[in-house]
Amino acid sequence: MAQHTVTLIPGDGIGPEIAQAMTRVVGASGVDMVWEVAEAGLGVMDEYGTPLPRYVVDSVRKNKVAIKGPVTTPVGTGFRSINVALRKELDLYVNLRPALSIPGTGARYEDVDIVIVRENTEDLYAGIEFAKGSRGAQRLAHLVAEEDAGIIRPDAGISIKPITVTASERIVRWAFEYALANDRHKVTAVHKANIMKFSDGLFLEVARRVAAEYEGRIAFEDRIVDATCMGLVLYPHDFDVLVLPNLYGDIVSDLTAGMVGGLGMAPGANIGRDCAVFEAVHGSAPDIAGKGIANPTAIILSATMMLHHLGEHEAAERVTGAIRRVYASGEHVTGDIKRTVTGSAAGAATTREFTDAVVAAMR
Ligand code: NAI
């Protein structure tokens, strides 16, 4: 059996508690895993002068695979989000967020199985912004007027939305390759090309061109983002793999997470050409940190994505099956889910009790 060395970034808040639960479950799945622990976040700030020390990035680069607990981003301290920094450093251009309903979690929808493939590097997230009244905003307004492209009022703050052929092509191609490799049938490109002809329009044009290469193997359709939101709520079974520019991907993936039980159940991954970093969608939950009551399901499901990525499909299925069995029995679920299902968290399992139940369900 192959041995895998993976960088483990426990994070802060509930991060270390759920990371510990995850390593226990992965260990019990039978894979031979070596965890290279690399601390990042608030706790290392004093020692290294940065929340993301060089050695953390070097460790991910070397091992090519990492799994990460959430990291607190304090507001208004100039502390850069380490998630954004990691994405940029390692060019993790894919944000993969599956939404799969698990019976027994009180999810609003049963049998939902949707995969969101979100572009992770450009769009309104590129961070190209001009403050109201700044020289840049004034010059831009002047240029727009000169080009006869419209009027920007002097009291406007401006964010730029770049969409490139390069980034659109690689994300759409990734979505189709994912669909092929994972027995999926359809890719839906989501956009607002009827209004933003040169940014979303370009994304759509590229998506159609790439889709043509997969004709006969994977079906393709495109949908406007607002209609997509309504369609997801009304007819979730119409959807399979969705590929979206950054901002729509961010919003629509929260919608699909909500459909299948909320943040405690939502796994994710940031993937690039060379490296992949797996993590839960939720944050560090400072309100419950240290209490031993956090739900580790999202990071454990992220670990199953990681196991698939490493080719350990059987171990991944073993873990997913155990999680399903624990929720189906309803006996050892954490407070967040217990409250959703029964209206009260009374008698809920701790993180440890839930983890014990998952490990026992694998035997
Ligand atoms: P959050 O996701 O940490 O918490 C929102 C609510 O959900 C809280 O009531 C929390 O107790 C609950 N919750 C979250 N995860 C849970 C779990 N596994 N089990 C049970 N309950 C859970 O979002 P919030 O409060 O907006 O962010 C807290 C911090 O986390 C912020 O500093 C934010 O920047 C950071 N954050 C980090 C992320 C990452 O590292 N990937 C992602 C999102 C936020």
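Residues numbered from 1 in each chain as written. Predicted model: local features only at pLDDT ≥ 70, side-chain atom pairs only at ≥ 80, totals over all residues. Heavy atoms only, no water.

1. Re the overall build of the chain
The condition is simple: Only runs of H or I of at least four residues qualify as helices and only runs of E of at least two qualify as strands under DSSP, and these elements are numbered from the N terminus. As a reference, a globule follows 2.2 Å times the number of residues to the power 0.38, and the radius of gyration itself is taken over C-alpha atoms. Think of it in three bands: with a 1.4 Å probe and only protein chains considered, a residue is buried below 20% of the maximum accessible area for its type, exposed above 50%, and partly exposed in between. Working rule for contacts: check all heavy atoms of both residues, and any pair within 4.5 Å makes them a contact. As used throughout, the charge tally considers Lys and Arg to be positive and Asp and Glu to be negative, leaving His and the chain termini uncounted. Note that the charge is assigned to NZ on lysines, CZ on arginines, CG on aspartates and CD on glutamates.
Scanning the chain from N- to C-terminus turns up 13 helices and 12 strands. What you see for the chain is a C-alpha radius of gyration of 21 Å, in line with the 21 Å of a compact globule of 363 residues. Expressed as lengths along the three principal axes of its C-alpha atoms, the size of the chain is roughly 70 × 55 × 45 Å. By residue count, 50% of the 363 residues in the chain fall in the buried class. Within the chain, contacts between residues separated by at least 24 positions form 75% of all contacts whose residues are at least 6 apart in sequence. Each charge sign in the chain was given a centre, from 36 positive and 45 negative side chains, and these centres are 1 Å apart.

2. Focus: the domain arrangement of the chain
How big an interface is tends to be expressed through the accessible area that disappears when the partners come together. Test applied: An automatic or database domain assignment supplies the residue ranges for each domain. Two parts lose some accessible area (1.4 Å probe) when they are put together, and adding that loss for both gives the buried area. Only one rule defines a salt bridge in this text: a Lys or Arg side-chain nitrogen within 4 Å of an Asp or Glu carboxyl oxygen.
Each assigned domain of the chain is listed with its residue range as follows: domain 1 (1–95 + 263–363), domain 2 (113–122 + 163–259) and domain 3 (124–161). Centre-to-centre separation of domain 2 and domain 3, based on C-alpha positions: 29 Å. At the junction of the two partners, domain 2 supplies 10 residues and domain 3 supplies four residues. Summed over the three residues of domain 2 that lose the most area to domain 3, namely Glu-122, Ile-163 and Leu-247, the buried surface amounts to 52% of that side. Across the contact surface, domain 2 and domain 3 share one salt bridge.

3. Details of the site of the ligand
Using the following cut-off: Proximity is defined per residue: any heavy atom of the residue falling within 4 Å of a molecule or strand makes that residue near it. The definition of a polar contact used here is a pair of N or O atoms within 3.5 Å, where within protein one atom must be able to donate a hydrogen and the other to accept one, and adjacent residues in sequence count solely through side-chain atom pairs. Throughout, the Shrake-Rupley method with a 1.4 Å probe supplies accessible areas, and for residues the shown protein chains are the sole cover considered. Charged means Asp, Glu, Lys or Arg here, nonpolar means Ala, Val, Leu, Ile, Met, Phe, Trp, Tyr, Cys or Pro, and polar covers whatever is left, Gly included.
Near the ligand you find 20 residues, and of these Val-71, Gly-283, Ala-285, Asp-287 and Asn-295 are the closest. Residue His-282 places a side-chain N or O atom 3.3 Å away from a nitrogen atom belonging to the ligand. At 2.7 Å from an oxygen atom of the ligand is found a main-chain nitrogen or oxygen belonging to Ala-285. In the complex, 67% of the free accessible area of the ligand, which totals 810 Å², lies under the protein chains. Grouping the amino acids of the shell around the ligand by side-chain chemistry returns nine nonpolar, seven polar and four charged.

4. Quick word on the environment of Thr-334
The residue Thr-334 is located in the loop between helix H11 (313–329) and helix H12 (335–342) in this model. The class of Thr-334 is buried, set by a relative accessible area of 0%. Linking Thr-334 and His-185, residues 149 residues apart in sequence, is a C-alpha distance of 35 Å. Excluding its chain neighbours within four sequence positions, the residues that come into contact with Thr-334 are Ile-293, Ala-294, Asn-295, Pro-296, Ala-348, Ala-349, Thr-350, Thr-351 and Phe-354.

5. Describing a nonpolar patch on the surface
Stated precisely, the cut-off is as follows: Exposure above 30% relative accessible area and no salt bridge define the residues that can form patches, which grow by joining like charges within 9 Å and nonpolar side chains of Val, Leu, Ile, Met, Phe, Trp and Tyr within 5 Å.
Taken together, the side chains of Met-230, Leu-234 and Tyr-235 define a hydrophobic patch exposed on the protein surface, amounting to about 350 Å² of accessible area. The residue Met-230 is located in helix H8 (residues 225–234) in this model. Given the relative accessible area of 54%, Met-230 is considered exposed.

6. Digging into the packing of helix H1 (residues 15–28) against helix H13 (residues 351–361)
Working note: a packed helix pair is described by the angle between its axes plus the distance between those axes. Rules: Interaxial angles span 0 to 180 degrees and are taken between N-to-C directions of axes, which are lines fitted to C-alpha atoms, for helices over the stretch in contact. Our angle categories are set so that under 35 degrees counts as roughly parallel, over 145 as roughly antiparallel, 65 to 115 as roughly perpendicular, and the remainder as oblique. In a left-handed crossing the near helix is turned counterclockwise from the far helix by less than a right angle, and in a right-handed crossing that turn is clockwise.
With their axes 10 Å apart at the nearest point, H1 and H13 run at an angle of 10° to one another. With respect to each other, H1 and H13 are oriented roughly parallel. As for the relative orientation of H1 and H13, their crossing is right-handed in sense. For the pair H1 and H13, contact is made by Glu-17, Ala-21, Arg-24, Val-25 and Ala-28 and by Thr-351, Arg-352, Thr-355, Asp-356, Val-358 and Val-359, respectively.

7. Concerning the packing of aromatic side chains
Using the following cut-off: We call Phe, Tyr and Trp rings a pair once their centres come within 6.5 Å, taking the six-membered ring for Trp, and we label the pair stacked below 30 degrees between planes, edge-to-face above 60, and tilted otherwise.
Applying the stated rule across the entire model yields five aromatic pairs. Taken together, a centroid distance of 5.5 Å and an interplanar angle of 20° make the contact between Trp-174 and Tyr-178 stacked. A residue pair is termed a helical-turn pair when its members lie 3 or 4 positions apart in one helix, as Trp-174 and Tyr-178 do in helix H6 (residues 165–181) at four residues. Tyr-178 shares its class with Trp-174; the two are buried. Ring centres 4.7 Å apart and planes at 20° place the aromatic pair Phe-176 and Tyr-214 in the stacked group.

8. Things to note about the pairing of strand S11 (residues 267–271)
Using the following cut-off: Between any two strands, pairing holds if DSSP finds at least two bridges.
A large share of S11 lies buried, amounting to five of its five residues. Here S11 shows no split at all, with Pro-267, Ala-269 and Ile-271 on one side and Gly-268 and Asn-270 on the other all buried. In this structure, S11 lies alongside strand S12 (residues 276–280), joined through five bridges in antiparallel fashion. Within S12, the residue paired with Pro-267 across the bridge is Ala-280. What sits between the antiparallel neighbours S11 and S12 is a turn of four residues.

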